[in-house]
Amino acid sequence: MQPRILILSGVLGDTRRYRTVHLYEQLCLLGVDCTLSHISDPQLRAKARQANLVIIHRAHWDSQVAWLVDEIHQRRGLVIQDTDDLIFDPDIFKFIDSPDFADPIRARLYQDDLRRNRRTLQACDAVVASTNFLAERARSLGKLA
């Protein structure tokens, strides 16, 4: 059975283009049945119901991601997290030297995002990582990478 792939991003901008749009274009050129979407897409649930493999890029854990993972797993599909940065390790925050985090609210929000990204990773079946370092970090959490 050929996979029906949903590629989903939780962000906009260059990282989305490189990690999801380019992947979508390459899969289409290969004739793979795939759909590209964003976490805010009002048609996301309908698209997810058609997929048996989902690739999630930078989507923080929330009720929408929880529903998506559950929906795919109920149908014995696979959910893969794509990562190009160490955004799933809350312990890294202490090493980030950014003027943005002089604002305690922004610092707390970013730390929450790190925890929610970890939760998404934990719910996924495997990880696609842009570097060996990131793959090793995902494997240390018990994920196939």
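None of these values were measured; they are calculated from a predicted model. (Residues numbered from 1 in each chain as written. Predicted model: local features only at pLDDT ≥ 70, side-chain atom pairs only at ≥ 80, totals over all residues. Heavy atoms only, no water.)

Engineer: Which residues make up the sheet that holds strand β5 (residues 126-129), and what values do they have?
Structural biologist: Strand order across the open sheet formed by five strands is β2-β1-β3-β4-β5, with parallel pairing between neighbours. Both edges of this open sheet fall to β2 (33-38) and β5, since each of them pairs with a single strand only. Strand-to-strand, the axes of this sheet are offset by a mean angle of 20°, without reference to chain direction. Examined bridge by bridge, strand β1 (residues 4-9) and strand β3 (residues 53-57) share five bridges and lie parallel to one another. Across the sheet, residue L8 finds its bridge partner in β3, namely I56. Against the sheet, helix α3 (residues 63-74) makes contact with β1, β3 and β4 (78-83), and its axis sits at roughly 155° relative to β3, the strand it touches most. (Pairing = 2+ DSSP bridges. Helix = DSSP H or I, 4+ residues; strand = E, 2+ residues; numbered from the N terminus. Axes fitted to C-alpha atoms, helices over the stretch in contact; angles between N-to-C directions. Contact = heavy atoms within 4.5 Å.)

Engineer: An account of the confidence of the model for the chain is requested, with residue identities and associated values reported.
Structural biologist: When pLDDT is averaged along the chain, the result is 95, and 99% of the positions lie at 70 or above. Ranking the helices and strands of the chain by mean pLDDT puts β3 first, with 98, and helix α1 (residues 14-29) last, with 95. (pLDDT = per-residue confidence, 0-100.)

Engineer: How would you summarise the pairing of β3 if you had to cite specific residues and measurements?
Structural biologist: For β3, the buried fraction is high: five of the five residues fall into the buried class. Going residue by residue along β3, you find L53, I55 and H57 tucked away on one face and V54 and I56 tucked away on the opposite face as well. Pairing of β3 with β4, which is carried by five bridges, proceeds in the parallel orientation. Counterpart to V54 in the pairing with β4 is V79. A crossover links β3 with its parallel partner β4, the connecting element being α3, and its sense is right-handed. (Buried < 20%, exposed > 50% of the residue type's maximum accessible area, 1.4 Å probe, protein only. Right-handed = clockwise from strand over helix to strand, strands pointing away.)

Engineer: Describe the packing of aromatic side chains, listing the residues and the values that go with them.
Structural biologist: Going through the model one piece at a time under the given rule, you end up with three aromatic pairs. Measuring from ring centre to ring centre gives 5.0 Å for F93 and F101, while their planes differ by 55°; the resulting arrangement is tilted. Here F93 matches F101 in class, with each residue buried. Note on F101 and Y110: the rings are 5.0 Å apart at their centroids and 40° apart in plane angle, and the pair reads as tilted. (Phe/Tyr/Trp six-rings, centres within 6.5 Å; stacked < 30°, edge-to-face > 60°.)

Engineer: Would you mind going over the environment of V128 in detail, with residue names and values included?
Structural biologist: Inspection of the secondary structure assignment puts V128 in strand β5. When its relative accessible area of 38% is taken as the criterion, V128 is described as partly exposed. Contact partners of V128, with chain neighbours within four places excluded, come to R19, I80, Q81, D82 and T83.

Engineer: Can you explain helix α4 (residues 104-123)? Please cite residues and give values.
Structural biologist: For α4, built from 20 residues, the straight-helix expectation of 28 Å at 1.5 Å per residue is met to within 8% by its first-to-last C-alpha distance of 29 Å. Looking at α4, one finds that the buried residues are A107, L114, N117, R118, T120, L121 and A123. Along its buried surface, α4 packs onto β3, α3, β4 and β5. With a side-chain oxygen lying 2.9 Å from the backbone nitrogen of I105, the N-terminal cap of α4 falls on D103. (Expected span 1.5 Å × (residues − 1). Polar contact = N/O pair within 3.5 Å; in protein donor to acceptor, adjacent residues only side chain to side chain.)

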